[in-house]
Amino acid sequence: RIDAYQIWNEPNLAREWGGRPPDPGEYTRLLALAYAAIKSVDQRAVVISAGMAPTTRHDAAAMPDTLYIQGMYDAGAAPYFDLLGVHGAGYRAAPETAPEVVAADSLLNHNDASSPELRRIYCFRHVEDVRAVMVRNGDADKRLALLEFGWTTDPRPDSPYHWHAVSDLEQADYIVRAFRYACQNWQPWIAVMTLIYMPDAQWGIEDEQTYWSVIYPGYPELRMRPAYMALK
């Protein structure tokens, strides 16, 4: 009944890793155990490595995704996943915007004081940087699963997501353009692309997930957002 398994989520953040500092070697051991267990009962099942949080922090709280994935390769992770997981939030940038443009534009990178190399995370096409890590490690024949991507319309001034909020119409336009860009430029290495979110009926105006969603929460009332209609 289950075709694919994602092993963990964002282990490059300490808050997602039991409060411990991010450790690619430790995660690789978990991945190897999970891979062996899954394949022992279903050889056809697809094992996907965890999608990493885009971050420029590099300390006990967080590790940049490309550095973490390189650490996984260094720890011998390559045989233990069928698809490499990645997260690709668009932030404030249009989907076609190149990472080097985002790294140089303070409006798009929120005046992040980290190095230009790390500031490349603030766009959808940062996925290409993750792909480059795979290629450098001789894993080009393997595909990549985009496990989370999207744009938020968060209007709350005190929200940490407000700085990169886009309008409802921009969200709709960017999502459609993201799928088109991937179709035209990321073949054959892109596999599944998972957009966030379909809403939980319990989410409200204080939940950040609400503003990434393509439908407004509020069951049983069904209110489609522009992004839903554009995707349709």
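Look above for the structure.
Throughout, a residue's number is its position along its own chain's written sequence, starting from 1. Reporting in this predicted model follows two pLDDT cut-offs: at least 70 for local features of residues, and 80 or more for side-chain atom pairs to be given and counted; totals over whole chains, interfaces and linings ignore these cut-offs and use all residues. The side-chain figures draw on all heavy atoms in the structure; neither hydrogens nor water molecules are used.

**Regarding the overall build of the chain**
Here is step 1 of the chain: What counts as a helix is a DSSP run of H or I of at least four residues, what counts as a strand is a run of E of at least two, and both are numbered from the N terminus. For the chain, the count of helices and strands is seven helices and seven strands.
Here is step 2 of the chain: With C-alpha atoms as the basis for the radius of gyration, the globule rule is written as 2.2 Å multiplied by the number of residues raised to the power 0.38. Computed over the C-alpha atoms, the radius of gyration of the chain is 18 Å, within 12% of the 17 Å expected from 2.2 N^0.38 for a compact globule of 232 residues.
Here is step 3 of the chain: Principal-axis analysis of the C-alpha atoms places the extent of the chain at approximately 45 × 45 × 40 Å.
Here is step 4 of the chain: Pairs at least 24 apart in sequence give 67% of the contacts found in the chain among residues at least 6 apart.
Here is step 5 of the chain: Roughly 11500 Å² of accessible area belongs to the chain as shown, and the carbon and sulfur atoms make up 53% of that amount. Two residues qualify as a contact provided that any one of their heavy atoms is within 4.5 Å of a heavy atom in the partner residue. Here the accessible surface of atoms and residues is derived via Shrake-Rupley with a 1.4 Å probe, and residues count as covered only by protein chains that are part of the display.

**Describing the pairing of strand β2 (residues 46–49)**
Here is step 1 of the chain: At least two DSSP bridges between two strands are required for those strands to pair. With four bridges joining them, strand β1 (residues 4–7) and β2 adopt parallel strand pairing. Residue pairing in the sheet places Ile 7 in a bridge with Ser 49 of β2.
Here is step 2 of the chain: Classification remark: right-handed applies to a crossover when, strands pointing away from the viewer, the course from the first strand over the helix to the second runs clockwise. Between the parallel elements β1 and β2, the chain passes through helix α1 (residues 24–41) in a crossover that is right-handed.

**What to know about the packing of aromatic side chains**
Here is step 1 of the chain: Note on ring pairs: Phe, Tyr and Trp rings are taken, using the six-membered ring of Trp, and paired if centres are within 6.5 Å. Classes follow the plane angle, with under 30 degrees stacked, over 60 edge-to-face and the rest tilted. In the structure shown here, the tally under the stated rule is 17 aromatic pairs.
Here is step 2 of the chain: Ring centres of Tyr 122 and Trp 163 lie 5.8 Å apart, and the angle between their planes is 75 degrees; on these two criteria the pair is classed as edge-to-face. Placement of the pair is Tyr 122 in the loop between α4 (106–109) and α5 (126–136) and Trp 163 in the loop between β4 (143–149) and α6 (168–185), with a sequence separation of 41 residues. Like Trp 163, Tyr 122 is buried.
Here is step 3 of the chain: Following the ring pairs from residue to residue traces out a cluster consisting of Phe 124, Phe 149, Trp 151, Tyr 174, Phe 179, Tyr 181, Trp 186 and Trp 189.
Here is step 4 of the chain: Charges are assigned to positions over rings by a cutoff of 6 Å between ring centre and Lys NZ or Arg CZ, combined with an angular limit of 35 degrees from the ring normal. Cation over ring: Lys 142 sits above Phe 81, and NZ or CZ is 3.9 Å from the ring centre. Remark: exposure states derive from per-residue accessible area (1.4 Å probe, protein chains only) relative to the maximum for the residue type, with buried under 20%, exposed over 50%, and partly exposed in between.

**Describing the side chain of Ser 213**
Here is step 1 of the chain: Within the secondary structure, Ser 213 is located in the loop between β5 (190–195) and β6 (215–216).
Here is step 2 of the chain: Residue Ser 213 is classed as buried on the basis of its relative accessible area, which comes to 0%.
Here is step 3 of the chain: Side-chain polar atoms of Ser 213 contact the backbone oxygen of Gln 209, separated by 2.9 Å.
Here is step 4 of the chain: Excluding residues that lie within four positions of it along the chain, Ser 213 makes contacts with Gln 171, Tyr 197, Pro 199, Trp 203 and Arg 225. For the purposes of these results, a polar contact is taken to be a pair of N or O atoms within 3.5 Å, where, inside protein, one atom must be able to donate a hydrogen and its partner to accept one; residues adjacent in sequence count only when each atom of the pair is a side-chain atom.

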